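Summary of the model geometry
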Amino acid sequence: MHDDAEFRASIRRELRSIRRDKLPPVWDDESHFRDDLGLDSLDLVEMVARLEQATGIFVPDEDVAQLMSISATVDYVRAQQGASPDAGRVAQHDDEASH
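The notes below deal with the structure included here. Worth saying up front: this structure is predicted, and the values here are computed from it rather than measured.

With that settled, the discussion passes to the overall build of the chain. Across its full length, the chain holds 4 helices and 0 strands. Helices (α) and strands (β) of the chain occur, in sequence order from the N terminus, as α-α-α-α. Expressed as a percentage of the 99 residues in the chain, the buried residues total 35%. The contacts of the chain with a sequence gap of at least 6 include a subset with a gap of at least 24, amounting to 49%. About 6,200 Å² of surface is accessible on the chain, with carbon and sulfur atoms providing 50% of the total.

Quick look at the structure:
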């Protein structure tokens, strides 16, 4: 995975593209997706799908509740990549195949 700052910025971009009309003008990495940003369950499903595509990591339904902020999402992905070293390689391989 890329460095934390780049990954956090990519999550922000994805959230903005999912719900541009709903997000406050200013929010930080600790802002809760539902409580602070007002994302609903469909928004979160879309975010998880994009996260899975970008990282090559499958997020089981029971883990979605852990992805409550940008910081929590970064922590989750780091933990999953540590548990499965091939996850980052899968995403990189998919990227190379698309070029």
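With that settled, consider the packing of helix α1 (residues 4–19) against helix α3 (residues 70–83). With their axes 10 Å apart at the nearest point, α1 and α3 run at an angle of 120 degrees to one another. Taken together, the axes of α1 and α3 are oblique relative to one another. Two packed elements cross with a definite hand, and for α1 against α3 that hand is right-handed. Note on element contacts: α3 touches α1 through Ile70, Ser71, Thr73, Val74, Val77 and Arg78, opposite Asp4, Phe7, Arg8, Ile11, Arg12 and Leu15.

Let us look at the packing of aromatic side chains. Within this structure, the stated rule accounts for 0 aromatic pairs. Here Arg12 stacks its cationic end above the ring of Trp27, 4.3 Å away from the centre of that ring.

Analysis parameters
Residues numbered from 1 in each chain as written. Predicted model: local features only at pLDDT ≥ 70, side-chain atom pairs only at ≥ 80, totals over all residues. Heavy atoms only, no water. Helix = DSSP H or I, 4+ residues; strand = E, 2+ residues; numbered from the N terminus. Buried < 20%, exposed > 50% of the residue type's maximum accessible area, 1.4 Å probe, protein only. Contact = heavy atoms within 4.5 Å. Areas by Shrake-Rupley, 256 points an atom, 1.4 Å probe, with all protein chains shown as cover. Axes fitted to C-alpha atoms, helices over the stretch in contact; angles between N-to-C directions. Parallel < 35°, antiparallel > 145°, perpendicular 65-115°, else oblique. Left-handed = near helix turned anticlockwise from the far one by under 90°. Phe/Tyr/Trp six-rings, centres within 6.5 Å; stacked < 30°, edge-to-face > 60°. Lys NZ or Arg CZ within 6 Å of the ring centre and 35° of its normal.

Just geometry here; none of it tells us what the structure is for.
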